[in-house]
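Report on the structure
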Amino acid sequence: MSASDLTPPEAARWAARSGLPLAQDRHAGVAATADHIHAVVSLLRELDFGETPPSAAYRAGGEQHDGTV
């Protein structure tokens, strides 16, 4: 476990601050879920999309389908 992992008491405190009090038996599960989400988002932030335009620039139906490979 790294120093940045969310502990169950911290998960309970952050949930309470957000107006979502948690039952004692849910603290560990919420902390584990939050850590997993954080790990996935961190991995996505490391991706280099280079010259990929933002999704707002994509227009559905603009592709040409001709069957050649």
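This text follows the structure it describes.
It is worth spelling out the overall build of the protein at this point. Within the protein one finds two helices and zero strands. Residue burial in the protein is summarised as follows: out of 69 residues, 7% are buried. Total accessible area on the protein is roughly 6200 Å²; 59% of this is exposed by carbon and sulfur atoms.

Below, the discussion takes up helix 1 (residues 8-17). Listing the buried residues of helix 1 in full gives Ala11, Ala12 and Ala15. Angular distribution of buried residues about the axis of helix 1 spans 100°; they occupy a single face of the element. More than 90 degrees from the buried face of helix 1, the exposed residues found are Pro9 and Arg17. Looking at the buried residues of helix 1, the elements they touch are helix 2 (27-45). Two residues or fewer after helix 1 comes Gly19, characterised by a positive phi angle close to 85°.

It is worth spelling out a nonpolar patch on the surface at this point. A grouping of Val40, Leu44, Leu47 and Phe49 is seen on the molecular surface, where their side chains present a nonpolar patch of about 380 Å² in accessible area. Checked against the element boundaries, Leu47 lands in the segment after helix 2. Assessed through its relative accessible area of 44%, Leu47 is described here as partly exposed.

Next up on the list: the environment of Asp48. Within the secondary structure, Asp48 is located in the segment after helix 2. Within the structure, the side chain of Asp48 is placed 3.0 Å from the backbone nitrogen of Gly50, a separation counted as a polar contact.

Where helix 1 meets helix 2, the closest approach of the two axes is 8 Å, and the angle between their N-to-C directions is 90°. As far as their axial angle goes, helix 2 and helix 1 are roughly perpendicular. Each of Pro8, Ala11 and Ala12 in helix 1 lies in contact with helix 2, whose residues at this interface are His27, Ala28, Val30 and Ala31. Classifying every residue of the contact of helix 1 with helix 2 gives six nonpolar, one polar and no charged.

Here we come to the environment of Ala12. Here Ala12 is to be found in helix 1. Along the sequence, Ala12 and Ala28 sit 16 residues apart, while their C-alpha atoms lie 8.9 Å from each other. Among all residues touching Ala12, those that are not within four sequence positions of it are Leu22 and His27.

Rules of the game
Residues numbered from 1 in each chain as written. Predicted model: local features only at pLDDT ≥ 70, side-chain atom pairs only at ≥ 80, totals over all residues. Heavy atoms only, no water. Helix = DSSP H or I, 4+ residues; strand = E, 2+ residues; numbered from the N terminus. Buried < 20%, exposed > 50% of the residue type's maximum accessible area, 1.4 Å probe, protein only. Areas by Shrake-Rupley, 256 points an atom, 1.4 Å probe, with all protein chains shown as cover. Arc of directions from axis to C-beta. Contact = heavy atoms within 4.5 Å. Patch = residues over 30% accessible without salt bridge, like charges linked within 9 Å, V, L, I, M, F, W, Y side chains within 5 Å. Salt bridge = Lys/Arg side-chain N within 4 Å of Asp/Glu carboxyl O. Polar contact = N/O pair within 3.5 Å; in protein donor to acceptor, adjacent residues only side chain to side chain. Axes fitted to C-alpha atoms, helices over the stretch in contact; angles between N-to-C directions. Parallel < 35°, antiparallel > 145°, perpendicular 65-115°, else oblique. Nonpolar A, V, L, I, M, F, W, Y, C, P; charged D, E, K, R; others polar.

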